[in-house]
Amino acid sequence: MTENIAHLYSAPLTGPQVALAEPATGATLAELRLAAAADVAAAAEAAAAAQAAWAATPFDQRAAVMRRAAELLRERGDTFNRWNVRECGSILPKAEWELNASYEQLHNAAGLIAQPHGHIMPSSVPGRTNLWSRVPIGVVGIIAPWNYPLLLAMRSLAPALALGNAVLLKPALQGSVCGGLLLAELFRDAGLPAGVLSVLPGEADVGDAIVRDAHVGMISFTGSTAVGKRIGELCGGMLKKVALELGGNNAFIVLEDADIEAAASHGAWGAFLHQGQICMQAGRHLVHEAVAAQYAEALARHAKALRVGNPDTETVHLGPLINAQQRAKVGGIVSDTLARGASLLAGGKGEGLFYEATVLGGVTPDMPAFIDEIFGPVAPITAFAGDDALVALVNSSPYGLSAAIHTRDLARGLELAQRLKTGMVHINDQTVNAEFNVPFGGMGASGNGGRFGGPVNAEEFTQSQWVSMVSRPAAYPF
Ligand code: NAP
């Protein structure tokens, strides 16, 4: 049955209406009204007008709105989770994890604004006091993807709002309800003043209009490297602050002394969770040649045990891929890699948008499955000999988001970790890891150096201001 979502909108939008489809079935979940360029302009103007009063609201009252939003998120958990499952093909445990992480983001943001946000700096001018403090940016534009629609909106939204900014949020089209309209309703009910948050569903044109709007002082973008580069260029031209969290092709490393059964279990989780549609997905399994065959056998066994199906009606490990374009891309990379001589150890097929957990053996660095970010449930295995060759293989990718190293020798693991051009490295774990209080982000083509989480949020979503004062004006020579 088509759901009525009209009540979730904070203001009437005037763009086209589109059918929001359920990836698992193709059924229409809701009729979604999109924003038009004029709606973006109106929302940006309203945000700019509302922001100063919101920033001037005492911090404890802003924190109370964040905490109230957190409690409402918990109360409405079933609604958020159900949309996450049906709209984005998430299995329920993944949706539940995302909900809880978003709850923590809200509480973390509420706590963050009670911290000091400046310093008193010494002055060489007698009698002068220098205040150096962080102040809001003004209006922040947030553009989010569909794979973790709620969390990847919330990790920017919660700190940006808490720190006194107004926000324009463009969720991914497929994720507009779970990662957009439900949040508009949530913050409205939590007491956020009108105009401070506008959710603007739409496609690339809506995101582009937000980036270009003169009222918007910062863009926080999470998505593909290709789109991120374009947004980075535009923001550079307009001298806007921009935070880019982009794609990855993450190395899952198994050294010859690793516990192979544990490594295979971790490798399966890192490669196949949420159908591999995660920026931190274990996209390259680099295994020492002495244990490559053993690891491949164990990983294939794990892959073959995973059930694929509709997460709304069955208990499955993998739901559908997000859309036909993504399904075609994943299938194309697998068949091109097989055509170049890799071997199929598990999966490699599926009906409709469903695709089985797939393991490819004998993958070499010139093959598409090694080079590309697949963003699907595919684990390509590449054998290596020696630490120097391993480091060269890992660092050959332009991406540098996450990596994992399995070894019983922690000192060797640590030494290797420090040689990787990767923003996050997990020893004896897998690549898909996020903790709300630890700065998260990538190197190289995975971002522009910004970080999310915990203490760094205070800097990411503010700008600095120096205010000096003396009790009496000094005399200048002229
Ligand atoms: P995407 O195509 O780059 O889209 C991301 C967002 O940007 C969506 O809201 C999209 O709208 C919008 N958009 C597309 N073109 C735009 C343009 N020209 N101007 C402004 N906005 C535009 O990425 P995706 O397919 O949704 O997500 C998958 C990618 O995100 C992968 O590469 C993944 O690695 C990356 N990712 C990175 C992180 C991280 O933290 N580093 C986390 C998650 C995902 P539409 O939905 O309407 O196209």
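Further up the page is the structure itself.
Conventions we followed
Residues numbered from 1 in each chain as written. Predicted model: local features only at pLDDT ≥ 70, side-chain atom pairs only at ≥ 80, totals over all residues. Heavy atoms only, no water. Near = heavy atom within 4 Å. Polar contact = N/O pair within 3.5 Å; in protein donor to acceptor, adjacent residues only side chain to side chain. Areas by Shrake-Rupley, 256 points an atom, 1.4 Å probe, with all protein chains shown as cover. 1 Å grid on protein atoms, 1.4 Å probe; cavity = no way out; pocket = protein on both sides within 12 Å on 5 of 7 lines; lining within 4 Å. Sits in = over half its atoms within 2 Å of the grid points. Helix = DSSP H or I, 4+ residues; strand = E, 2+ residues; numbered from the N terminus. Nonpolar A, V, L, I, M, F, W, Y, C, P; charged D, E, K, R; others polar. Axes fitted to C-alpha atoms, helices over the stretch in contact; angles between N-to-C directions. Parallel < 35°, antiparallel > 145°, perpendicular 65-115°, else oblique. Left-handed = near helix turned anticlockwise from the far one by under 90°. Contact = heavy atoms within 4.5 Å. Points joined across faces, edges and corners; volume = space filled by probe spheres on them. Core = buried A, V, L, I, M, F, W, Y, C linked by side-chain atoms within 4.5 Å. Buried < 20%, exposed > 50% of the residue type's maximum accessible area, 1.4 Å probe, protein only. Pairing = 2+ DSSP bridges. Salt bridge = Lys/Arg side-chain N within 4 Å of Asp/Glu carboxyl O.

### Notes on the site of the ligand
Right, on to step 1. Neighbouring the ligand are 32 residues; Ala144, Arg155, Ser224, Leu246 and Glu373 lie closest to it.
Right, on to step 2. In the environment of the ligand, an oxygen atom lies 2.6 Å from a nitrogen or oxygen atom belonging to the side chain of Ser224.
Right, on to step 3. With the chains in place, 87% of the 900 Å² that the ligand exposes on its own is no longer accessible.
Right, on to step 4. Mapping the ligand onto the cavity grids shows that it belongs to the largest pocket.
Right, on to step 5. Residue assignment for the shell around the ligand shows that the elements contributing at least two residues are helix 5 (149–162), helix 7 (204–212), strand 8 (216–222) and helix 8 (225–238).
Right, on to step 6. The residue inventory of the shell around the ligand, partitioned by class, reads 17 nonpolar, eight polar and seven charged.

### Things to note about the packing of helix 3 (residues 77–88) against helix 4 (residues 92–112)
Right, on to step 1. The N-to-C vectors of helix 3 and helix 4 enclose an angle of 130°; their axes lie 9 Å apart at closest approach. Taken together, helix 3 and helix 4 sit at an angle that is classed as oblique. Remark: the crossing between helix 3 and helix 4 carries right-handed chirality. Taking contact as the criterion, the partners of Gly77, Phe80, Asn81, Asn84 and Val85 in helix 3 are, on helix 4, Leu92, Lys94, Ala95, Glu96, Glu98 and Leu99.
Right, on to step 2. For the contact of helix 3 with helix 4, a count of residues per class yields five nonpolar, three polar and three charged.

### Observations concerning empty space enclosed by the protein
Right, on to step 1. Here the structure, examined in full by the defined rule, presents one cavity of 30 Å³ or more.
Right, on to step 2. Volume-wise, the largest cavity comes out at about 30 Å³.
Right, on to step 3. Taken together, Asn249, Asn250, Ala251, Arg284, Val394, Tyr399, Gly400, Leu401, Ser402, Lys421 and Thr422 form the lining of the largest cavity.
Right, on to step 4. Of all the secondary-structure elements, those providing two or more residues to the lining of the largest cavity are strand 10 (250–254) and strand 15 (399–400).
Right, on to step 5. Taken together, the residues of the lining of the largest cavity sort by class into four nonpolar, five polar and two charged.

### Observations concerning the nonpolar core
Right, on to step 1. Formed by 93 residues in total, the largest nonpolar core has its most connected members in Phe187 and Ile219.
Right, on to step 2. When sequence neighbours within four positions are dropped, the list of residues in contact with Phe187 reads Met66, Ala69, Leu106, Met154, Leu157, Leu161, Leu192 and Leu197.
Right, on to step 3. Grouped together as the second largest cluster of nonpolar side chains are 27 residues, Leu286, Ile333, Phe384 and Leu390 included.

### Observations regarding the pairing of strand 4 (residues 129–136)
Right, on to step 1. Bridge analysis of strand 3 (residues 118–121) against strand 4 gives four bridges, and the strand direction is antiparallel. By the bridge assignment, Ile120 is partnered in strand 4 with Leu131.
Right, on to step 2. As paired strands, strand 4 and strand 19 (residues 462–469) are joined by eight bridges and run antiparallel to one another. Within the sheet, the bridge partner assigned to Pro136 lies in strand 19 and is Thr462.

### A few points about the sheet that holds strand 19
Right, on to step 1. In spatial order, the strands read 3-4-19; together these three strands make up an open sheet with antiparallel pairing. Every interior strand has two partners, whereas the edge strands, strand 3 and strand 19, have only one. Shown here is a sheet whose adjacent strand axes are inclined to one another by a mean of 20°, direction ignored.

### A short note on the pattern of salt bridges
Where charged atoms from two side chains of opposite charge approach closely, those side chains can pair.
Right, on to step 1. The full count for this structure, using the stated rule, is 15 salt bridges.
Right, on to step 2. The salt bridge involving Arg76 is made with Glu185; its shortest N-O contact spans 3.7 Å. In this pair, Arg76 is assigned in the loop between helix 2 (59–75) and helix 3 and Glu185 in helix 6 (residues 177–190), connecting sequence segments 109 residues apart.
Right, on to step 3. Across the pair Asp387 and Arg412 runs a salt bridge, and its minimum N-O distance is 2.8 Å. Of this pair, Asp387 sits in helix 13 (residues 387–395) while Arg412 sits in helix 14 (residues 410–419); the two residues are 25 residues apart in sequence, bridging distant segments of the chain.
Right, on to step 4. Bridged by salt links that share partners, the residues Glu22, Arg86 and Asp312 form one connected network.

### Some thoughts on the sheet that holds strand 11 (residues 282–288)
Right, on to step 1. With mixed pairing, the seven strands of this open sheet are ordered in space as 12-13-14-11-10-16-17. Both edges of this open sheet fall to strand 12 (343–346) and strand 17 (424–427), since each of them pairs with a single strand only. The average undirected angle you get between the axes of adjacent strands in this sheet is 25°.
Right, on to step 2. Two strands pair when backbone bridges link them, and strand 10 and strand 11 are joined in this way by five bridges, in the parallel orientation. Counted as the bridge partner of Ile253 is Leu286 from strand 11.
Right, on to step 3. Lying on the sheet, helix 10 (residues 292–304) is in contact with strand 10, strand 11, strand 12, strand 13 (358–361) and strand 14 (378–384); it crosses strand 12 at an angle near 50°.
Right, on to step 4. Contacting strand 16 (402–406) and strand 17, helix 14 crosses the sheet at an angle of about 170° to strand 17.

### Observations regarding the side chain of Glu185
Right, on to step 1. Given the relative accessible area of 16%, Glu185 is considered buried.
Right, on to step 2. Excluding anything up to four places from it in sequence, Glu185 contacts His7, Leu8 and Arg76.

### Digging into the packing of helix 4 against helix 5
Packed helices, taken two at a time, are described by the angle their axes make and the gap between the axes.
Right, on to step 1. At a closest axis distance of 9 Å, the pairing of helix 4 and helix 5 adopts a crossing angle of 5°. Of the possible angle classes, the one that applies to helix 4 and helix 5 is roughly parallel. Of helix 5, the residues touching helix 4 (which contributes Lys94, Trp97, Glu98, Leu99, Ala101, Ser102, Gln105, Leu106 and Ala109) are Pro149, Leu150, Leu151, Met154, Arg155, Ala158, Pro159 and Ala162.
Right, on to step 2. The residue makeup of the contact of helix 4 with helix 5, split by class, is 12 nonpolar, two polar and three charged.

### Details of the environment of Ala226
Right, on to step 1. Structurally, the position occupied by Ala226 is in helix 8.
Right, on to step 2. Overall, the relative accessible area of 60% leaves Ala226 in the exposed class.

Structural measurements only, silent on function.
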